[in-house]
Amino acid sequence: MRILSTGEILWDIVEGGEFMGGAPLNFSVTSQKLGSFVSLLTGVGDDELGRKALQQMNSLGLKTDFVQIVRDAPTGTALVTLDDSGSATFRIGRPAAFDVLNVNSGLIERCQTARPDWIYFGTLANAHASNEKLLHSLVDQLQPVRCFYDMNLRDGHWSLPLIERLSALATVIKLNDEEAKRIFDLKFGSLPYTLERFCQRWSEAFGAQQICVTMGSAGCALYSDNVFQTFGGYSVDVVDTVGAGDAFAAGLLYGLDRGW
């Protein structure tokens, strides 16, 4: 499987240090460990964090051919606060390097050389208009590519119209149960909420073939071919949850691509 992953590289700033992350990066690393060929389209600043990011990507064996070095903005950072359960909240500085990519006439052609079967994208980077425009161009020019939308809503960095436009591109949508409830109430506020009703309505509205909703310790739900199923979780000792959903997304796509 060949994947073009798009979006942010961020350094998570937490008590105890700085940790390279960002959903597209985490997803890309895990997908590559599963055997996929991954190209990550993003930007880092011409700064110390940017150089460290490139070094770590190289040490992980992740291709940096599509990582731009941006001189007009810093490498992305997210100040992370963990609560007693290990759940995280993020404060993200914008604009960051991943917001101001050089979208020159040859970028789409270079992406075509990656010959992706899938494009991975989230919401955060596409809250910047030029990134969303680039994403639409990639989807148009790389047909018959399929799209995996990992929603990952961060307060202050999304809107319902943006989510609707991104959902309309998606073959597969992955989100969590809290996000499902929030956007269902915004979109279908007069209807009583259930997770199955959300999946049915969202699939009908935007055409996604599969919708997967993670539910923490309760497991996940998958809506596919008009069938809604739930799957139980596994008991673990939580250290923190940063990146857990991104690894799950990589495993989900791996299985769906193989028809599991």
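Residues numbered from 1 in each chain as written. Predicted model: local features only at pLDDT ≥ 70, side-chain atom pairs only at ≥ 80, totals over all residues. Heavy atoms only, no water.

Peer 1: I'm lost on the nonpolar core in this one. Help?
Peer 2: Soluble globular proteins tend to bury their nonpolar side chains together. Ranked by size, the top nonpolar core spans 44 residues in total, and within it I119, F198, W202 and I211 carry the most contacts. If one sorts the elements of this core by residue count, helix α7 (residues 195-206) sits on top with five residues. Residue contacts for I211: discarding those within four places in its chain leaves I173, L175, F198, C199, W202, S203, A221, L222 and Y223. In this structure, W11, L49, M57 and C220 belong to the second largest nonpolar core, which totals 29 residues. (Core = buried A, V, L, I, M, F, W, Y, C linked by side-chain atoms within 4.5 Å. Buried < 20%, exposed > 50% of the residue type's maximum accessible area, 1.4 Å probe, protein only. Helix = DSSP H or I, 4+ residues; strand = E, 2+ residues; numbered from the N terminus. Contact = heavy atoms within 4.5 Å.)

Peer 1: Help me understand the packing of helix α6 (residues 177-187) against α7, please; the structure alone is not making it clear to me.
Peer 2: Two measures define how a pair of helices packs: the angle their axes make with one another and the distance between the axes. Remark: α6 packs on α7, axes separated minimally by 10 Å, with the N-to-C direction vectors making an angle of 60 degrees. Taken as axis vectors, α6 and α7 run oblique relative to one another. Along this stretch, α6 crosses α7, giving a crossing that reads as left-handed. Residues A180, I183, F184 and K187 of α6 lie in contact with α7, whose contacting residues are L195, R197, F198, R201, W202 and F206. Looking at the contact of α6 with α7 residue by residue, the class counts come to seven nonpolar, no polar and three charged. (Axes fitted to C-alpha atoms, helices over the stretch in contact; angles between N-to-C directions. Parallel < 35°, antiparallel > 145°, perpendicular 65-115°, else oblique. Left-handed = near helix turned anticlockwise from the far one by under 90°. Nonpolar A, V, L, I, M, F, W, Y, C, P; charged D, E, K, R; others polar.)

Peer 1: Which parts of the structure should I look at to understand the layout of surface pockets?
Peer 2: Gaps left between atoms show up when a probe the size of a water molecule is rolled over them. By volume, the second largest pocket is sized at about 160 Å³. As for the second largest pocket, its lining consists of D12, V14, F19, M20, G21, N26, V80, L82, D240, V242 and G243. Elements represented by at least two residues in the lining of the second largest pocket include exactly β2 (10-14), β3 (17-21) and β6 (76-82). For the lining of the second largest pocket, the element with the highest residue contribution is β3, accounting for three residues. For the lining of the second largest pocket, the residue count by class is six nonpolar, three polar and two charged. (1 Å grid on protein atoms, 1.4 Å probe; cavity = no way out; pocket = protein on both sides within 12 Å on 5 of 7 lines; lining within 4 Å. Points joined across faces, edges and corners; volume = space filled by probe spheres on them.)

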